[in-house]
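The chain contents come next:
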2 protein chains.
Amino acid sequence: MAAIRSEMSLELLALHASASFPGANSMNFLNEVANHFPDAISFAAGRPFEGFFDIQSVHGYLATYREHLLTKSGYDEATVLRTLMQYGRTKGIIHDLIAAHLDIDENITVDPESIVVTVGCQEAMFLTLRALRRTADDVVLAVLPGYVGFAGAAQLADMTVLGVKDSTAGIDLDDLLVVLDRAEAAGRKPRACYVTPDFANPTGISFSVQTRNQLLRIAEEHDFLILEDNPYGMFYGDNGYLPTLKALDRTQRVVYLGSFAKTGFPGARVGYVVADQRVHTGGEHTELLADQLAKIKSMLTVNTSPIAQAIIGGKLLQNGGSVRLASVRERQIYQNNLHRILTGLATRFPPGTVPSVSWNTPTGGFFLVLTVPFTVDDDLLTISALEHGVLWTPLHYFYGDGLPRNRLRLSFSHLTPDEIDTGLDRLAAFVRKYSV
Amino acid sequence: MAAIRSEMSLELLALHASASFPGANSMNFLNEVANHFPDAISFAAGRPFEGFFDIQSVHGYLATYREHLLTKSGYDEATVLRTLMQYGRTKGIIHDLIAAHLDIDENITVDPESIVVTVGCQEAMFLTLRALRRTADDVVLAVLPGYVGFAGAAQLADMTVLGVKDSTAGIDLDDLLVVLDRAEAAGRKPRACYVTPDFANPTGISFSVQTRNQLLRIAEEHDFLILEDNPYGMFYGDNGYLPTLKALDRTQRVVYLGSFAKTGFPGARVGYVVADQRVHTGGEHTELLADQLAKIKSMLTVNTSPIAQAIIGGKLLQNGGSVRLASVRERQIYQNNLHRILTGLATRFPPGTVPSVSWNTPTGGFFLVLTVPFTVDDDLLTISALEHGVLWTPLHYFYGDGLPRNRLRLSFSHLTPDEIDTGLDRLAAFVRKYSV
């Protein structure tokens, strides 16, 4: 007779809270609905346009970067192979190209040594939060509604997120001051405030230059860092673009979080963080915050795949170091889609008619927010997919509190004009049906 | 007059403890010494052999995997591009190929759904530890001396590591029981024990089959998981290889941590974790531990670069799914180097002569340990590099306690036979000088 063995069994409640993070469950639910209704038109996915994806370009970028190492860096063949294939520099190998891009495109001047190339911007967020969370009193502020992945990264680092209200300006600075005061009064230490000043996810709103400068001043006065996330800044409108917080920053208040998921492609998984703050390590000695993040990264992912970095590096090289230049075609697509969806909404919901539906009018980016005369939740999303063949994202996903609201996010980045038109027809039918 | 701005300034002690992790500092020190003395022969770096690195093979692997998606998976061109370049499945895209490899090479049969493809094995360690650390009472056990990166990942997850003594068997099972009892008496919950049963880093020791089975039984009796790390198992000796713990496991006690850094190449940054344990999520409902790890990964790195996965996938496909077959050349190199260093040590330190130097005799892997009649620390390492042109790793790095010991690790994986001979001459001169 075989011995009875005790089968391993675990309890979800005995695992870290991040395994139960509502944001991850929301995203899983959304993916499941999308998989169940493959013919539904999706205003839900925040994915970049796929029409320019091309695997030969990937091979070409890698070859270009390899050639760059041989000619410009003067490496011999063995050193090139070691750079691309062996264990390597924790902070990455395309930091110089990223610094050049920031200078060319964003008027941001930074020492390449202050850049850590990361596994997408998501890892950059976690590294920064992990570094800043020393004790349970260390908290981070974030505009709500906001990017779900930021709240997820904070949860992974056991760091409490204090929500700051948004406004038509992108952030309610009065509320920021209230939240800061309340936190400080409770003995908590606000270490940083996370913002997306350009075409935020989910609202599409951008901060004015005045708001940017005011936020920088508040950060100085209250001694916290600003975590500036900028995945959509290259997809600006005809009236141009505004300076990033990092470009306006004169006192190293801003940790800049960069992504190549939308300007390169998501599958490269290459992002970065600019962390040029000085860290006192004892006596008069200081090191860069980037070097502290690199120490943490060495225990998390060792380094970012140099092959993936080389692919992004090759794209930068083929465009004279300019992401702006590399993104001309994509920007045009996103701008056309934005105009199409704004025009399409105005046609389907004329002012003064019933139902009363409104939306904001971003000048760029991937997203806008629609306000409808009823609350939207997961059940209604399922019905929308099943009965109307259209998907969107309930806004409560971006608050993380599970409370249904009468707003939803529409993403227009990966659709064709025809899909936008048909999707809006379906959306309008859905909205009319539930606006009773 | 310009306003006086307050420059940002941070204190290391106000950052998370992982930024001060001694292991990361040790590795940085080692890298600095290596950079200062580029002509020194290094027995320190645990890097794979570079002689077979070839960028054309990288292009070829990617093309093979793409062809596989078109023909075997039956994807159209757009779906292939989406799979390789867009955001994608959190658990990865080469899980089926990894499951096939485990079946072919390791006699491990697992559902591909229980595999999460990770950014190197390092991310797999962090994901697993993050999931298992719910409260400060949750602790993990690990054989010391052991892989520094494991202690680093535990530090990142705020998880205490309790050291278990090693022995000539690779692990002291009596001490394991003592540590378990002591932890449980103190109200702590040992969630897992981390081991490298095949050619461990730093000792090169492998567990016998009896030890493997005993460890599995103890894990069942004391209800903890075994985290089995297996980066070197493919580099076995002429007397063959032993079954992994996962192959012997009948009760899902083992979480298997896999790496392609040594069998593929480090720059791909592709590893994986097999987590086929059931997690009770409420009522009768269960999910795989792999799915919990995937939720955490979605907030950490989103997914592992599908381009990097495709490169490893292509290598697997070109070798009929067998890593063993793909690693024939490398195994021969490492075996030759192992025999060369063992013979070379015996020639330079004959039995019964002064100084009294000894070493263990692994049958495979990358490492062995040399015992010398004096303690070795960072200062002596610098002197060894400066005066003798040879590098090695003080064993205290693998204890993490900073206490110098009279043992050092010799890595022979990335050297040529001539470098081994010259390096041993230098090492012998160094050892003789300090054996007074």
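Thresholds, definitions, all that
- Residues numbered from 1 in each chain as written.
- Chains lettered and ligands numbered in written order.
- Predicted model: local features only at pLDDT ≥ 70, side-chain atom pairs only at ≥ 80, totals over all residues.
- Heavy atoms only, no water.
- UniProt positions renumbered as here; feature names shortened; annotations may be inferred.
- Helix = DSSP H or I, 4+ residues; strand = E, 2+ residues; numbered from the N terminus.
- Contact = heavy atoms within 4.5 Å.
- Buried area = accessible area lost by both parts, 1.4 Å probe.
- Salt bridge = Lys/Arg side-chain N within 4 Å of Asp/Glu carboxyl O.
- Pairing = 2+ DSSP bridges.
- Axes fitted to C-alpha atoms, helices over the stretch in contact; angles between N-to-C directions.
- Buried < 20%, exposed > 50% of the residue type's maximum accessible area, 1.4 Å probe, protein only.
- Parallel < 35°, antiparallel > 145°, perpendicular 65-115°, else oblique.
- Left-handed = near helix turned anticlockwise from the far one by under 90°.
- Nonpolar A, V, L, I, M, F, W, Y, C, P; charged D, E, K, R; others polar.
- Core = buried A, V, L, I, M, F, W, Y, C linked by side-chain atoms within 4.5 Å.
- Phe/Tyr/Trp six-rings, centres within 6.5 Å; stacked < 30°, edge-to-face > 60°.
- Lys NZ or Arg CZ within 6 Å of the ring centre and 35° of its normal.

Turning next to the UniProt feature "domain: Aminotransferase class I/classII large" (unreviewed entry) in chain A. Under the local residue numbering, the UniProt record ascribes the feature "domain: Aminotransferase class I/classII large" (unreviewed entry) to residues 83-427 of chain A. For residues 83-427 of chain A, the end-to-end C-alpha separation is 50 Å, with 41% helix and 21% strand making up the annotated structure.

Turning our attention to the interface of chain B and chain A. Across the boundary between the two partners, chain B contributes 85 residues, which contact 85 residues of chain A. Interface area lost by chain B to chain A is led by Met8(B), Met85(B) and Met299(B), which between them contribute 11%. There are four salt bridges connecting chain B and chain A. A salt bridge links Arg130(A) to Asp158(B), with the nearest nitrogen and oxygen atoms 3.3 Å apart.

With that out of the way, let us pick up the sheet that holds strand β7 (residues 225-229) of chain B. Residue and element names in this part refer to chain B. Judged by pairing direction, the sheet is mixed, and its seven strands sit side by side in the order β3-β9-β8-β7-β6-β4-β5 without closing on themselves. Only two strands of the sheet have a single neighbouring strand rather than two, namely β3 (115-118) and β5 (160-165). Strand-to-strand twist of the sheet, defined as the mean angle between neighbouring strand axes without regard to direction, takes the value 20 degrees. Relative to strand β9 (residues 271-274), strand β8 (residues 254-259) runs antiparallel, the two sharing four bridges.

Here strand β8 (residues 254-259) of chain A lies mainly inside the structure; six of its six residues are buried. The side-chain alternation of β8(A) yields two buried faces, one formed by Val254(A), Tyr256(A) and Gly258(A) and the other by Val255(A), Leu257(A) and Ser259(A).

Residue and element names in this part refer to chain A. Close contact between helix α14 (residues 378-388) and helix α15 (residues 417-434) brings their axes to 10 Å; oriented N to C, the two are set at 125 degrees. Relative to α15, the element α14 is oriented oblique. The chirality of how α14 crosses α15 is right-handed. Touching Leu 380, Ile 383, Ser 384, Glu 387 and His 388 of α14 are Arg 426, Ala 429, Phe 430, Lys 433 and Tyr 434, all from α15. The residue makeup of the contact of α14 with α15, split by class, is five nonpolar, two polar and three charged.

Right, let's talk about the nonpolar core for a bit. Counting residues in each nonpolar core, the largest one holds 157 residues, and the members touching the most others are Leu410(A), Ile341(B) and Leu410(B). Filtering out sequence-adjacent residues up to four positions away, Leu410(A) remains in contact with Phe43(A), Ile341(A), Leu345(A), Phe366(A), Phe367(A), Leu368(A), Leu370(A), Trp392(A) and Leu427(A). Ranked by size, the runner-up nonpolar core spans 92 residues in total, among them Val274(A), Ile55(B), Ile98(B) and Ala247(B).

With that out of the way, let us pick up the packing of aromatic side chains. Tallied over the entire structure, the rule returns 31 aromatic pairs over all chains. Ring plane angle 35 degrees and centroid distance 6.3 Å describe the contact between Tyr256(B) and Tyr272(B), whose orientation is recorded as tilted. Pair noted here: Tyr256(B) is in strand β8 and Tyr272(B) is in strand β9, with a separation of 16 residues, a long-range link. Like Tyr256(B), the residue Tyr272(B) is buried in the burial classification. With 5.2 Å between their ring centres and 45 degrees between their planes, Phe430(B) and Tyr434(B) make a pair best called tilted. Residue Phe430(B) and its partner Tyr434(B) are both found in helix α15 (residues 417-434); the two are separated by four residues, about one turn of the helix. For Phe430(B), a relative accessible area of 0% puts it in the buried group. Owing to a relative accessible area of 24%, Tyr434(B) belongs among the partly exposed residues under this scheme. One aromatic cluster is present, formed by Tyr232(A), Phe235(A), Tyr334(A), Phe366(A) and Phe367(A) through successive ring pairs. Seen from the ring of Tyr399(A), Arg405(A) lies directly overhead, with NZ or CZ sitting 3.5 Å from the centre. Above the plane of the ring of Tyr241(B) lies Arg324(B), whose end atom (NZ or CZ) is 3.6 Å from the centre.

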